Amino acid sequence: MLLRQSPDIRPSEITPQSDYLNRRQILAGMASALLAAGLPAEAALAGPLAVARSSQLAGDEKPTSLKDITHYNNFYEYGLDKDQPAQSAPGLLKLRPWTVKVSGECARPGIIDIDELIKASALEERVCRHRCVEAWSMVIPWLGVPLAQVLARFEPSSKAKFVAFETLLDPRQMPEQRSSLIYPWPYSEGLRIDEAMHPLAFLALGLYGEPLPAQNGAPIRLVVPWKYGFKGIKSIVGIRFVEKQPPTLWNALAPNEYGFYSNVNPTVDHPRWSQAKERRIGEFLRRPTLMFNGYGDQVAGLYSGMDLARDF
Amino acid sequence: MARPASSRRLRVGAHLLCALPLAWLAARGLADDLGANPIEAVIRFLGDWALRGLVVALAVTPLRRLTGWSRLAQYRRMLGLWAFTYAALHMASYVGLDQFFDWNNIGIEILKHKFITAGMTAFVLLLPLAATSTAGMMRRLGGQRWRRLHQLVYAVAPLAAVHYIWMVKADIRQPLVYAFILLVLLAFRAFWAMRRSAIA
């Protein structure tokens, strides 16, 4: 593992609460620590990103350390073990040029160029909870733009009832797409249009003030903090407005385990484990899982009248 | 019973070999090198080695019969007990680290989640085998009854493999490798048992 060569970085040094206010200085220090640890240039593509505003959406919960966020990843295109993406993704995933094709039921289909998006947007930092369906969680300081703001430019029509997302399909850059044939690659995800347009739905371009590391879904990924982490599709190359609920990878593989909605819900167990509690990375005791991951005040209205045990 | 020095050295070596994974885990733990989720890492590691231990212990008899290397039999009990040790540590880390002795929740998990049910059953079935592993117990039970009791391991090993298969999200290639090896090891026994009964 790359960062292991740098024994001076300890999680507690990276994110003490009091220091978090002095983010700029710490980030500068971390950037050099990353470089010193020998990460390929892609990991720190263009240096720090400009942050226009900051939203604290995880109360006073302490952000998880950069090392844990970047070395404990489910990114099956790079292997099933959580330390594999950090080892192989930075060397394999080619981050530029990168475009996202936006198509389907909209008035102005088109292309998003990542660098233009970064340049044209006032980037927002969002510190929010991330709850994996495997019952672990983190607090992550993402950097990016609200999804609605990006989608609106393409003027979705009244037939756009859902939004479908697709990851890059390229076995040379994502080796497991060649060797793990049980998965219907490319990775795909979807949201209902009202979920996609909700202000909490977010496109992340950065993490801890820097461009996203490859293993976290660079250069652009979805963040839907009230849903289980696998809904946050990584390395997006396609966005499609569609009329019918689109197929999604995990739902297609195991529909009894991974619903289309996959809202964080402590009262609906995964068939193989309880969702009532979660292990926050860096903590010993499990903490209770919150309905909608603690974002119920904002998003519960999207699901009024729905039976969330059935539409899980 | 006195054993020749060379055989004693071999036994010590075998014990050390069996303890090696545990030492490696302890070293990584002390170096704070178990990753972002050390509790999960510990549980998975110990579970892996419990299953490997069962496979190795169950391989002794077929290997001995196929190779005619009768001294292997001396290591069967030792290997079985090491498999039990890893299984017991796997269980202890689930109860103490993962669940932090939340017996209520452990009870719910055993009843509701079939991979936990399978794993817990496998462990409970291992307990009498470990308890009767001494020469004294073997004598007290008598060879025939002892042997029949210890055939429980033919249920334990498949249960452990199923526990692993059911735990995995989608890609069950790795657990299937263990399941396949176990199947082969058990098939040898089934074949020999059938032949015995055909002759008798």
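Note that the coordinates shown come from a computational prediction; the quantities given were computed from them, not determined experimentally. (Residues numbered from 1 in each chain as written. Chains lettered and ligands numbered in written order. Predicted model: local features only at pLDDT ≥ 70, side-chain atom pairs only at ≥ 80, totals over all residues.)

K.L.:
So what's going on with the overall build of chain B? Which residues, and what values?
P.N.:
Scanning chain B for helices and strands turns up 9 helices and 0 strands. Each helix (α) and strand (β) of chain B, taken in turn from the N terminus, gives the series α-α-α-α-α-α-α-α-α. The C-alpha atoms of chain B give a radius of gyration of 18 Å, which matches the 16 Å a tight globule of 200 residues would have. Scored against the burial criterion, the 200 residues of chain B give a buried share of 22%. Here the contacts in chain B between residues at least 6 apart in sequence split such that 63% fall between residues at least 24 apart. (Helix = DSSP H or I, 4+ residues; strand = E, 2+ residues; numbered from the N terminus. Rg over C-alpha atoms; globule rule 2.2 N^0.38 Å. Buried ≥ 20, exposed ≤ 12 C-beta atoms within 10 Å, placed from the backbone. Contact = placed C-beta atoms within 7 Å.)

K.L.:
Give me the overall build of chain A: which residues, what numbers.
P.N.:
Along the backbone of chain A there are 11 helices and 13 strands. In chain A, which comprises 312 residues, the share counted as buried stands at 46%. If you take every contact in chain A between residues at least 6 apart in sequence, the share linking residues at least 24 apart comes to 72%.

K.L.:
Can you lay out the sheet that holds strand β7 (residues 188-192) of chain A for me, pointing to particular residues and giving the numbers?
P.N.:
Residues and elements named next belong to chain A. What the 5 strands build is an open sheet, ordered β3-β2-β11-β6-β7; its pairing is mixed. Edge positions in the open sheet fall to β3 (110-113) and β7, since each of these has one partner strand only. Averaged over neighbouring strand pairs, the angle between their axes works out to 20° when direction is ignored. Of the strand pairs in this sheet, strand β6 (residues 162-167) and strand β11 (residues 236-242) are connected by 6 bridges, and their pairing is antiparallel. For Val-163, the partnering residue across the bridge sits in β11 and is Phe-241. (Pairing = 2+ DSSP bridges. Axes fitted to C-alpha atoms, helices over the stretch in contact; angles between N-to-C directions.)

K.L.:
Requested: an account of the confidence of the model for chain B, with residues and values cited.
P.N.:
Of all residues in chain B, 98% attain a pLDDT of 70 or more, and the chain-wide mean is 93. Reported confidence for the predicted complex is 0.79 by ipTM and 0.83 by pTM. (pLDDT = per-residue confidence, 0-100.)

K.L.:
Break down the nonpolar core for me, with residues and values.
P.N.:
One finds Trp-142, Val-163, Phe-202, Leu-203, Ala-204 and Leu-205 of chain A to be the most contacted residues of the largest nonpolar core, which totals 74 residues. In this structure Trp-142 of chain A touches Arg-126, Cys-128, Phe-202, Ala-204, Leu-207 and Val-223 of chain A, once residues within four positions along its chain are discounted. By size, the runner-up hydrophobic cluster in this structure holds 33 residues, among which are Leu-129, Val-156, Ala-157 and Ala-160 of chain B. (Core = buried A, V, L, I, M, F, W, Y, C linked by C-beta atoms within 7 Å.)

K.L.:
Talk me through the interface of chain A and chain B; I want residue IDs and the actual numbers.
P.N.:
Listed per partner, the contact involves 17 residues of chain A and 14 residues of chain B. Looking at the side of chain A that touches chain B residue by residue, the classes come out as 9 nonpolar, 3 polar and 5 charged. (Nonpolar A, V, L, I, M, F, W, Y, C, P; charged D, E, K, R; others polar.)

K.L.:
Outline unusual backbone geometry, supporting the account with residue identities and numerical values.
P.N.:
All names here are of chain A. Omega for the bond connecting Arg-96 with Pro-97 falls within 30 degrees of zero, at -5°, which places this linkage in the cis form. Its location among the elements puts Pro-97 in the loop between α5 (84-92) and β2 (99-104). The omega torsion across Trp-185 and Pro-186 is 0°, close enough to zero to call that bond cis. As for its placement among the helices and strands, Pro-186 is situated in the loop between α8 (176-179) and β7.

K.L.:
Please set out the packing of helix α5 (residues 114-131) of chain B against helix α8 (residues 153-167) of chain B residue by residue, giving values where relevant.
P.N.:
Residues and elements named next belong to chain B. Interaxial distance between α5 and α8 falls to 8 Å at its minimum, and their mutual angle equals 155°. For the element pair α5 / α8, the angle class is roughly antiparallel. Between α5 and α8 the crossing geometry is left-handed. Where α5 abuts α8, its residues Lys-114, Phe-115, Ala-118, Gly-119, Thr-121, Ala-122, Leu-125, Leu-126 and Leu-129 lie against Val-153, Ala-155, Val-156, Leu-159, Ala-160, Val-162, His-163, Trp-166 and Met-167. (Parallel < 35°, antiparallel > 145°, perpendicular 65-115°, else oblique. Left-handed = near helix turned anticlockwise from the far one by under 90°.)

K.L.:
Kindly report on the environment of Gly-144 of chain A, identifying the contributing residues and their values.
P.N.:
Residue and element names in this part refer to chain A. Note on placement: Gly-144 falls in strand β5 (residues 136-146). Gly-144 gets classed as buried once you count the C-beta atoms within 10 Å, which come to 25. For the pair Gly-144 and Leu-49, spaced 95 residues apart in the sequence, the C-alpha separation amounts to 9.7 Å. Apart from the residues lying within four places of it in its own chain, the contact partners of Gly-144 are Leu-123, Glu-124, Phe-202, Leu-203, Ala-204, Leu-205 and Gly-206.

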